[in-house]
Amino acid sequence: MRARTSILLLIALSGTACAMPTEHWAILPPDQAKDALHQCSRSTPEQVDGSWEIPPSVAAQLEQDLHKLAELKSHQCCSTGGSVSDPNAFLRQYVGVTIRGKKYVYINAIPLEISIHSKDRGAWRRKPAIVCDGGSAFWGALYDPETREFSELAFNGIA
């Protein structure tokens, strides 16, 4: 009986492990918006007048639209004309911001490897990543949940 219980427990645990989310994105709370927008070496949206709680449905919609981001070109320092060919190759932090009262999602993106080499692999899910320099490995953009369009793509500078 013990062996059977152990096998059933092992099967149950392995099923749970397989069901773990594999998302490469996280919704940050509204009180993290100010920090997320305080990037060291790239432009961030201006005239931000508030923040809001992003519901999971908006994040899911953004994820469905993520492929559109590859069409967007940066018009800001430090990689004018640059684009993100594969947004899924990055960890993405989503934080709700309002600009002139309109709701947007700010995307703060960092390389996947950051969490692999970090002592606290889950830190990126709780606090905004702020990195100076790093070039195209670090970027930010705005997403409009009403129009389902992306804008204001900006990359970090290079030291």
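Residues numbered from 1 in each chain as written. Predicted model: local features only at pLDDT ≥ 70, side-chain atom pairs only at ≥ 80, totals over all residues. Heavy atoms only, no water.

**Observations regarding the packing of aromatic side chains**
Per the stated rule, a full pass over the model turns up three aromatic pairs. With a centroid separation of 5.8 Å and 25° between ring planes, the pair formed by Trp25 and Tyr94 is classed as stacked. Residue Trp25 is located in strand E1 (residues 25–27), and its partner Tyr94 is located in strand E3 (residues 90–99); the two are separated by 69 residues in the primary sequence. In this structure Trp25 comes out as buried when scored by relative accessible area, which is 18%. Of the residues examined, Tyr94 reaches a relative accessible area of 0% and is grouped as buried. (Phe/Tyr/Trp six-rings, centres within 6.5 Å; stacked < 30°, edge-to-face > 60°. Helix = DSSP H or I, 4+ residues; strand = E, 2+ residues; numbered from the N terminus. Buried < 20%, exposed > 50% of the residue type's maximum accessible area, 1.4 Å probe, protein only.)

**Overview of the pairing of strand E5 (residues 139–144)**
Most of E5 sits inside the fold, with six of its six residues counted as buried. Burial of E5 is two-sided: the residues Trp139, Ala141 and Tyr143 facing one way and the residues Gly140, Leu142 and Asp144 facing the other way are all buried. In this structure, strand E4 (residues 102–111) lies alongside E5, joined through five bridges in antiparallel fashion. Looking at the pairing, Tyr106 lines up with Leu142 of E5. Relative to strand E6 (residues 149–155), E5 is paired through five bridges, and the arrangement is antiparallel. Bridge pairing in E6 places Asp144 opposite Glu149. Between E5 and the antiparallel strand that follows it, E6, lie four residues; Arg148 among them carries a positive phi value of about 65°. (Pairing = 2+ DSSP bridges.)

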